[in-house]
Amino acid sequence: MSYQLVVSEKPSVGAAYAKVLGATNRQDGYWEGNGYLVSWCIGHLVELAPPNVYDAKYVKWSIADLPILPERWQYLVSASTKKQFGILQKLMHRPDVESVICATDAGREGELIFRLVYQQAGCKKPFTRLWLSSMEENAIREGFAHLKPSTEYDALYNAALCRERADWMVGINTSRLFSCLYGQPLAVGRVMTPVLAMTVVREAAIAAFVPEKFYTVDLELTSGCTASSKRFAQKADAELLLSKCRKEGRVTVQKMERKEKSESPPALYDLTTLQRDANRLLGFTAQQTLDYAQSLYEKRLITYPRTDSRFLTDDMAASLPGLVTDTGKAFAVEEPVPIHVQQVINGSKVTDHHALLVTENLPEGLSQDERAIYEMVAARLLEAFSARCLKDATTVSFTAGNSVFTAKGTVVRSAGWRAVRNERDEDDEGTAALPTLQTDEVFPLQSAECVEKQTKPRPLHTESSLLSAMEHCGRELQDDELRDSLKGNGIGTPATRASIIETLFARDYVRREKKSLVPTDKGLAV
């Protein structure tokens, strides 16, 4: 009997594949049955060799030996996972194994993990690629029924090699250079150090910031609203206006404008946006959110989490109304969700994987934190398909003391997508409905005061804001050409940004103060 060898990235995923394929006979490090052998990697089984493998002199760190640039790259089997590599190597060389299926995670790193094992094991057998965005059983069956040629992913593999080798060259050489220059061990990285710089630059800007006081005059009117003057740099100017207003004792309506504001639903989640919201709303770190999302994916409750797309493809349109309706029922949404499918369809903005979705499976036995992430994905699904939020925004201009005062108010006319989580717009906080007023209408002044405020610097980065800065790293550049060249390109990938941030903590370059990220003395030195 001949076999196909399936290589997954994790034991739990391998077990899921084995169940669907009918490989039910458990062996040491793999499953067997129905013409399949299903085994797994445990992360990166094969890694780039350290410098001393190329030349023993590199054991000692010396500026004179830099740069270290291998002519022929060498790899080693990770000592901690040598047993599992041995199992895979043996399976690949079994005479009854005719072909191999690469079933690691469908992304750049998953491709690299498999190919390095395949090459290090000396395997020459043909292999195909399983590419999934969902761990539901029907999706797994469909994927195995339509395996892709391995050559379609050669460019992805080469991109992964470039990333891995660039990280090695930059990390090895710059870490040794700075460690030798400053006489202490300092880790420097191609991605890690620019991200650290973002936190350092933000803290430096805060330290250099000089707050400036400014003053406004606020009038409380008998009509039930508060109106504010323009800003004054000098307190005396504001107090002079205050005196005039109190002496006059009344205000006159100069103009009233009411505009309808239409607020589009948010796009579906990609991983980075989910991590940002989970940090902002739940206080989860980026790594925690990724871990919970990966667990939900392996439990077949959400689609593939390491995605950078917030849209879906045209071929998914027919199945979406049922998914939205079922999700609404599961969450006891009072009103039926209006399903606007075209809001989420844009195949041109889908790369390797579509946006995050919940699946048709109902959640059971989840931890509190897993359920919180699941509910965020489910709620965003309902929001993305819902109608716009419609508001009436009113601006009233008053005159008093020969100056103009302004009052603003907002009324939600149709909550639309905001009804899903009963979520208010932060920009509307502190604003209330304004009464209908007529031009030249006069009101007695109820009270007036001079209010002192001061300008504030941008706050320290949180994980949420740092993830956004990594995703849109060129926005704050002054050089137009550089900024344009970085459009659509970020630092790191959705799959790696969480681990980059965690590395900053592990190296003691950044510490957490509540939600804020503060560079340490060591981080500032780097």
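Criteria and thresholds
Residues numbered from 1 in each chain as written. Predicted model: local features only at pLDDT ≥ 70, side-chain atom pairs only at ≥ 80, totals over all residues. Heavy atoms only, no water. Core = buried A, V, L, I, M, F, W, Y, C linked by side-chain atoms within 4.5 Å. Buried < 20%, exposed > 50% of the residue type's maximum accessible area, 1.4 Å probe, protein only. Helix = DSSP H or I, 4+ residues; strand = E, 2+ residues; numbered from the N terminus. Contact = heavy atoms within 4.5 Å. Pairing = 2+ DSSP bridges. Axes fitted to C-alpha atoms, helices over the stretch in contact; angles between N-to-C directions. Parallel < 35°, antiparallel > 145°, perpendicular 65-115°, else oblique. Left-handed = near helix turned anticlockwise from the far one by under 90°. Polar contact = N/O pair within 3.5 Å; in protein donor to acceptor, adjacent residues only side chain to side chain.

Caption draft 1: Here's a closer look at the nonpolar core. Core analysis: the largest hydrophobic core is formed by 55 residues, its most contacted members being Val 6, Tyr 17, Val 38, Ile 302 and Leu 312. Elements with a minimum of two residues in this core: α1 (11-21), β4 (36-40), β7 (97-103), α5 (137-145), α9 (271-282), α10 (286-298), α11 (320-330) and α12 (368-385). In terms of residue count, the dominant contributor to this core is α12 (ten residues). Look past the residues within four positions of Leu 312 in its chain and what remains in contact with it is Leu 268, Leu 320, Val 344, Ile 345, Asn 346, Gly 347, Val 350, His 354, Ala 355 and Leu 357. In terms of nonpolar packing, the next biggest core, distinct from the first, is built from 34 residues, Cys 41, Val 100, Leu 112 and Cys 123 among them.

Caption draft 2: Here's a closer look at the sheet that holds β4. The mixed open sheet is built from seven strands, whose spatial order is β2-β3-β4-β1-β7-β8-β9. The open sheet terminates on both sides in strands that have one partner only, identified here as β2 (25-27) and β9 (148-149). By the bridge criterion, three bridges tie β7 to strand β8 (residues 127-129) in an arrangement that is parallel. Of the residues in β8, the one forming a bridge with Cys 102 is Arg 129. The sheet contacts of helix α3 (residues 82-92) involve β1 (3-8), β3 (30-33), β4 and β7, and relative to β4 the element is tilted by about 155°. Packing of helix α4 (residues 108-120) onto the sheet brings it into contact with β1, β7 and β8, and relative to β8 it is tilted by some 170°.

Caption draft 3: Spatial organisation of the pairing of strand β17 (residues 516-519). Two elements, strand β16 (residues 510-513) and β17, share four bridges in a ladder whose sense is antiparallel. Note on β17: the bridge partner recorded for Arg 512 is Leu 517. In textbook terms, the turn of a hairpin is the stretch between consecutive antiparallel strands, and for β16 and β17 this stretch comprises two residues, one of which, Lys 514, has a positive phi near 55°.

Caption draft 4: Broad picture of the packing of α10 against helix α15 (residues 497-506). At their nearest, the axes of α10 and α15 sit 8 Å apart, and the two run at 140° to each other. With respect to each other, α10 and α15 are oriented oblique. Along this stretch, α10 crosses α15, giving a crossing that reads as left-handed. Counted together, Ala 286, Gln 287 and Leu 290 of α10 and Ala 498, Ser 499 and Glu 502 of α15 form the full contact between these two elements.

Caption draft 5: The environment of Val 526, seen in detail. With respect to the element layout, Val 526 can be found in the segment after α16 (521-525). Distance in space between the C-alpha atoms of Val 526 and Ser 367 is 39 Å, their sequence separation being 159 residues.

Caption draft 6: Representation of the environment of Asn 25 in the model. Relative to the assigned elements, Asn 25 resides in strand β2. Expressed as a C-alpha distance, the spacing of Asn 25 and Glu 9, which sit 16 residues apart in the sequence, is 19 Å. Dropping the residues within four chain positions of it, Asn 25 is found in contact with Tyr 30, Trp 31 and Glu 32. Within the structure, the side chain of Asn 25 is placed 3.4 Å from the side chain of Gln 27, a separation counted as a polar contact.

Such coordinate-based values are descriptive only and should not be taken to indicate function.
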